[in-house]
Amino acid sequence: MQNLSLIINTVSKNADVWPMFFGQIEQHAPAAFFEKKYVFVDECDEPVPEGYEVVLYEKDKMYREQFVECIKSVPEEYCIYISEDYILYDDIQTNLIVEYVDILKKNLDVSFVRFTKGGIVDLDYLNYQNHEGLYELYNFLPYF
């Protein structure tokens, strides 16, 4: 998808899971769906698959500082951000991602969409603009 990147945040000490993690992405995400794919990491002695751009951060800095420095290397307007412990076990729902990016484009008061699996607590949140499965949360609500 044009102007949509995939950002993976990881740390070199977790490189032992990279083959499985990247393999699951390749298996469950269409190859050309993301305009570009990035790996934010402290050092990269292990190979990452072709098609991923490695962006190094300083391991001595706080997470926020690491992320802010790395995100400056990402020119795409929209991104999906995951860590190496977010293992895909099924195909991504590209149609929903396209729909949510469209919502972000049209509603400048919405700054991000967070993908989560829910259902533990039923709080009867209202659907955002009648979109099934998309809820607007406020920081004063329980479980924000």
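This one's a predicted model, so the numbers in the text were calculated from it and none came from an experiment. Per chain, residues are indexed from 1 in the order of the written sequence. In keeping with the model being predicted, local features are shown solely for residues with a pLDDT of at least 70 and side-chain atom pairs are shown and tallied solely at 80 or more, while totals for entire chains, interfaces and linings include all residues. Based on all heavy atoms of the structure, the side-chain values leave hydrogens and waters out of the count.

1. Quick look at helix 1 (residues 18-28)
Helical geometry note: an α-helix holds 3.6 residues per turn, so side chains three or four residues apart project in the same direction.
Thought 1: All of the buried residues in helix 1 are Trp18, Phe21, Phe22, Gln24, Ile25 and His28. Relative to the axis of helix 1, the buried residues are bounded by an arc of 155 degrees and lie together on one face. Along helix 1, exposed side chains directed more than 90 degrees from the buried face belong to Pro19 and Gln27.
Thought 2: Residues are treated as being in contact if the distance between any of their heavy atoms lies within 4.5 Å. For the purposes of this entry, the term helix denotes a DSSP run of H or I that reaches at least four residues, the term strand denotes a run of E that reaches at least two, and both are numbered from the N terminus. Residues of helix 1 that are buried sit in contact with strand 1 (4-9), strand 2 (36-41), strand 3 (52-56) and strand 4 (78-83). The rule is simple: take the accessible area with a 1.4 Å probe, protein chains only, and divide by the maximum for that residue type; under 20% is buried, over 50% is exposed, in between is partly exposed. Of all possible arcs, the one meant is that of the directions from the helix axis to the C-beta atoms.

2. Re the sheet that holds strand 4
Thought 1: Reading across the sheet, the four strands line up as 3-2-1-4 and stay open at both edges, with parallel pairing between neighbours. Edge strands, defined here as strands with exactly one partner in the open sheet, are strand 3 and strand 4. On average, adjacent strands in this sheet sit at an angle of 25 degrees to one another, irrespective of strand direction.
Thought 2: Sheet topology places strand 2 next to strand 3; five bridges connect them, and they run parallel. Bridging from a neighbouring strand, Val39 pairs with Val54 of strand 3.
Thought 3: Under this scheme, a helix contributes an axis fitted over its contacting stretch, all axes are lines through C-alpha atoms, and angles between N-to-C directions fall in the 0 to 180 degree range. The strands touched by helix 3 (residues 94-106) are strand 1 and strand 4; relative to strand 4, the strand with the most contacts, the crossing angle is about 125 degrees. Pairing between strands requires that DSSP locate at least two bridges from one strand to the other.

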